[in-house]
There are 2 protein chains.
Amino acid sequence: MVDHSQLTEAEYLAQYNVQDFDAPLCTVDIVPFRFHDHRLQVLTCLRHQHPAKEQWALPGGYIDINQDNDLDTTAQRKLAAKIGTEAPYLEQVQTVGNQQRDPRGWSITVVYYALFPGSAANQTLLSDTRWLTLQGNTVGQPLAFDHNQLISVALERLQNKVQYTSLPVYLLPECFTLADISDVFLAILGKTPPMRSIRNRFLNEDLLEDSGEKRYGSNRPATLYRLKKTAAAQFYNRLYHTTQ
Amino acid sequence: MVDHSQLTEAEYLAQYNVQDFDAPLCTVDIVPFRFHDHRLQVLTCLRHQHPAKEQWALPGGYIDINQDNDLDTTAQRKLAAKIGTEAPYLEQVQTVGNQQRDPRGWSITVVYYALFPGSAANQTLLSDTRWLTLQGNTVGQPLAFDHNQLISVALERLQNKVQYTSLPVYLLPECFTLADISDVFLAILGKTPPMRSIRNRFLNEDLLEDSGEKRYGSNRPATLYRLKKTAAAQFYNRLYHTTQ
């Protein structure tokens, strides 16, 4: 071990090598959600490499320290590689790190979730990726590593967050009705706020605009809305009473 | 580069070396809050090593992959080394990772905050640690790396969370009055809910118990409560109207 106490900071940095130290593996994993056929689904990918080779897993992997500027960049790069497009909404959830989760050794993963409109994510599906429908608080089949648990952690965050944000719109196609928003609540929470509450919250001037189109069905024609180009995710200071 | 495609998983793991790969630095940093003299304070430590030598910084450092079982263990170990005791409340906030935050290279830090009662944390103060009072959304002096920003991120989480949890009690000494809880709200939020709301929320059978003692002052004697030994942090489904 070199005695560093006499070095200047410049000298210290010149001799510093991150690989001189025992360090954990460090990855980013993303839980990509889409709303498809009235249900919430998660994208999984077949692993072609050890460990957990031939098992299904969440998209993710190593940070490329030469290419990625920050952790969000890593997450979007991994998503684009699997889905063909970056996520319209991406949020970091939690970092899980312990001795047990990876057979290679002490491993950290920074867990994100991403919201995709069902349609867009369908066009570019690779043969080794698959959208799995949620059953309870994870998908209905065992995934590699602790990825079933990571889905549960992300889903819990999404379930909390839809109650005080405009997030449901990121799971819908470009044009949608208020009844579609209600369907998203139902898929995520198993219940939905009254249409009056949805209307009060989502029909505000900074979020949605009337597309000029209507959807015709068995009821009276429903207005099709779309997200304003300038709209950011909105946060509200009340939860819905009826979904708690 | 070895061709791994013909290896079994056991053979792959036997030859795997985490140090064969470019990886970011990986640390844990903790924002330790205490409530002292009616104000919220953060513990900082003088750095004795490069980089940022002789600057004040948050407690934290590397994961010890031979000793720590998980990330929470790392955080509590780092706190105990500086404060002499683990935190009664510890919560992971966010992981910050990018190319810019550390002169040694791409760096990730898993950020926690911890809540300490003012008194306990005072007894064991080392000469190279210092409690700094919050001014606005960080401490009033520049810290090493992005640590001023990390404090802001942790404070924002704490400010949100005190509005729907029992967290204020973790910043108080063993015995406290309802007025003390109100003082904690005031220090964290700059405003406090009505005493009626505090009473409704905190005086429930699973959280606090009457210590049997009273505090005597200029008003009528105030009941001193303490946290029940079995009490866990509580979550409520409404925010206070008056603190939003």
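Looking at an unreviewed UniProt entry, chain A carries the name NUDIX hydrolase, with the source organism given as Spartinivicinus marinus.

A. Examining the overall build of chain A more closely. Secondary structure summary: chain A contains six helices and ten strands in total. When its C-alpha atoms are laid out on the principal axes, chain A stretches across 80 × 40 × 35 Å. Considering chain A as a whole, with its 244 residues, one finds that 50% of them fall into the buried category. A sequence separation of at least 24 residues applies to 64% of the contacts in chain A between residues at least 6 apart. Surface summary for chain A: the accessible area is close to 11,700 Å², and the carbon and sulfur share equals 46%.

B. Summary view of the packing of aromatic side chains. In this structure the tally under the stated criterion is twelve aromatic pairs over all chains. With a centroid separation of 6.3 Å and an interplanar angle of 75 degrees, the aromatic rings of Phe185(A) and Phe202(A) are classed as edge-to-face. Taken as a pair, Phe185(A) in helix α5 (residues 178–189) and Phe202(A) in helix α6 (residues 195–202) lie far apart in primary sequence, 17 residues in all. As far as burial versus exposure is concerned, Phe185(A) and Phe202(A) are alike and both buried. Relative to Tyr113(B), the ring of Tyr89(B) lies with its centre 6.2 Å away and its plane at 45 degrees, an arrangement referred to as tilted. Taken as a pair, Tyr89(B) in strand β5 (residues 89–98) and Tyr113(B) in strand β6 (residues 107–117) lie far apart in primary sequence, 24 residues in all. Here Tyr89(B) and Tyr113(B) have matching classes, each one buried. One aromatic cluster is present, built from ring pairs that chain together Phe33(A), Tyr89(A), Tyr113(A) and Tyr170(A).

C. Fine view of the relation of the copies chain A and chain B. The two copies are related by a screw operation: chain A maps onto chain B through 180 degrees of rotation and 0.0 Å of translation along the axis, at an RMSD of 0.0 Å. Both copies are brought into coincidence by an operation consistent with a two-fold rotation axis. Taking C-alpha positions as the reference, the residue of chain A nearest the rotation axis is Gln19(A), at 2.8 Å. Taken as a fraction of all interface residues of chain A, those also at the interface in chain B reach 100%, which identifies the copy contact as same-surface.

D. Main features of the pairing of strand β7 (residues 129–135) of chain B. All names here are of chain B. Among the seven residues in β7, five count as buried, and that is most of the element. Across five bridges, strand β2 (residues 39–46) lies against β7 in antiparallel orientation. Bridge pairing links Gln41 to Thr133 in β7. When β7 meets strand β8 (residues 138–139), the two strands line up antiparallel, connected through two bridges.

E. Summary view of the pairing of strand β1 (residues 25–36) of chain A. All names here are of chain A. Of all twelve residues in β1, eleven are buried, a share of seventy percent or more. Of the strand pairs in this sheet, β1 and strand β6 (residues 107–117) are connected by eleven bridges, and their pairing is parallel. Bridged to Asp29 within β6 is Val111. In the sheet, β1 pairs with strand β4 (residues 60–62) via three bridges, with the strands oriented antiparallel. Among the inter-strand pairings, Val28 is bridged to a residue of β4, identified as Gly61.

F. Representation of the domain arrangement of chain A within the structure. Residue and element names in this part refer to chain A. Assigned domains of chain A: these are domain 1 (24–161) and domain 2 (167–243). One C-alpha centre belongs to domain 1, the other to domain 2; they are set 26 Å apart. Taken together, the contacts link 18 residues of domain 1 with twelve residues of domain 2. Around 1,200 Å² of area is buried between domain 1 and domain 2 when both sides are counted, 77% of it from carbon and sulfur atoms. Counting the contacts that link domain 1 with domain 2 gives zero salt bridges.

G. Representation of the nonpolar core in the model. All names here are of chain A. Val31, Phe33, Tyr113, Leu115, Leu158, Ile181 and Phe202 are the most contacted members of the largest nonpolar core, which totals 44 residues. Mapped by element, the contributors of at least two residues to this core are β1, β2 (39–46), β5 (89–98), β6, β7 (129–135), α4 (147–161), α5 and α6. Looking at which element gives the most residues to this core, the answer is α5, with six residues. Counting the residues that make up this core, at least three belong to each of domain 1 (24–161) and domain 2 (167–243). Sequence-distant contacts of Val31, that is, excluding residues within four places in its chain, are made with Val42, Leu58, Val111, Tyr112, Tyr113, Ala114, Leu150, Ile151 and Ala154.

H. Structural view of the side chain of Thr27(B). Mapped onto the elements of the fold, Thr27(B) is located in strand β1 (residues 25–36). Apart from the residues within four sequence positions on either side, Thr27(B) is in contact with Gly61(B), Tyr62(B), Ile108(B), Thr109(B) and Val110(B).

I. Broad picture of the UniProt feature "domain: NrtR DNA-binding winged helix" (unreviewed entry) in chain A. Under the present numbering, the feature "domain: NrtR DNA-binding winged helix" (unreviewed entry) in UniProt falls on residues 169–227 of chain A. Along residues 169–227 of chain A the backbone is 34% helical and 24% strand, and the end-to-end C-alpha distance reaches 7 Å.

J. The pattern of salt bridges, seen in detail. Residue and element names in this part refer to chain A. Under the criterion given, the structure shown has 16 salt bridges over all chains. Put simply, Glu91 and Lys161 hold a salt bridge, and the shortest N to O gap is 3.1 Å. Of the two residues, Glu91 is situated in strand β5 and Lys161 in helix α4; the sequence distance between them amounts to 70 residues. Since its relative accessible area comes to 8%, Glu91 is described here as buried. Look at Lys161 and you get buried, because its relative accessible area is 10%.

K. Looking closely at helix α5 (residues 178–189) of chain B. Residue and element names in this part refer to chain B. Taking 1.5 Å per residue as the helical rise, α5 with its twelve residues ought to reach 16 Å, and the 17 Å between its terminal C-alpha atoms agrees with that figure. Along α5, the positions that sit buried rather than exposed are Leu178, Asp180, Ile181, Ser182, Val184, Phe185, Ile188 and Leu189. In this structure, the buried side of α5 is in contact with β1, β2, α4 (147–161), α6 (195–202), β9 (208–215) and β10 (222–227). Backbone geometry just downstream of α5 places Gly190 in the positive-phi region, at approximately 80 degrees.

L. Quick peek at the confidence of the model for chain A. Looking at chain A as a whole, the pLDDT averages 91, with 95% of positions reaching at least 70. At the low end of the mean pLDDT range in chain A sits helix α3 (residues 118–123) of chain A, at 64; at the high end sits strand β3 (residues 56–57) of chain A, at 98.

So, how was this worked out
- Residues numbered from 1 in each chain as written.
- Chains lettered and ligands numbered in written order.
- Predicted model: local features only at pLDDT ≥ 70, side-chain atom pairs only at ≥ 80, totals over all residues.
- Heavy atoms only, no water.
- Helix = DSSP H or I, 4+ residues; strand = E, 2+ residues; numbered from the N terminus.
- Buried < 20%, exposed > 50% of the residue type's maximum accessible area, 1.4 Å probe, protein only.
- Contact = heavy atoms within 4.5 Å.
- Areas by Shrake-Rupley, 256 points an atom, 1.4 Å probe, with all protein chains shown as cover.
- Phe/Tyr/Trp six-rings, centres within 6.5 Å; stacked < 30°, edge-to-face > 60°.
- Least-squares fit on C-alpha atoms with pLDDT ≥ 70 in both.
- Pairing = 2+ DSSP bridges.
- Domains from an automatic or database assignment.
- Buried area = accessible area lost by both parts, 1.4 Å probe.
- Salt bridge = Lys/Arg side-chain N within 4 Å of Asp/Glu carboxyl O.
- Core = buried A, V, L, I, M, F, W, Y, C linked by side-chain atoms within 4.5 Å.
- UniProt positions renumbered as here; feature names shortened; annotations may be inferred.
- Expected span 1.5 Å × (residues − 1).
- pLDDT = per-residue confidence, 0-100.

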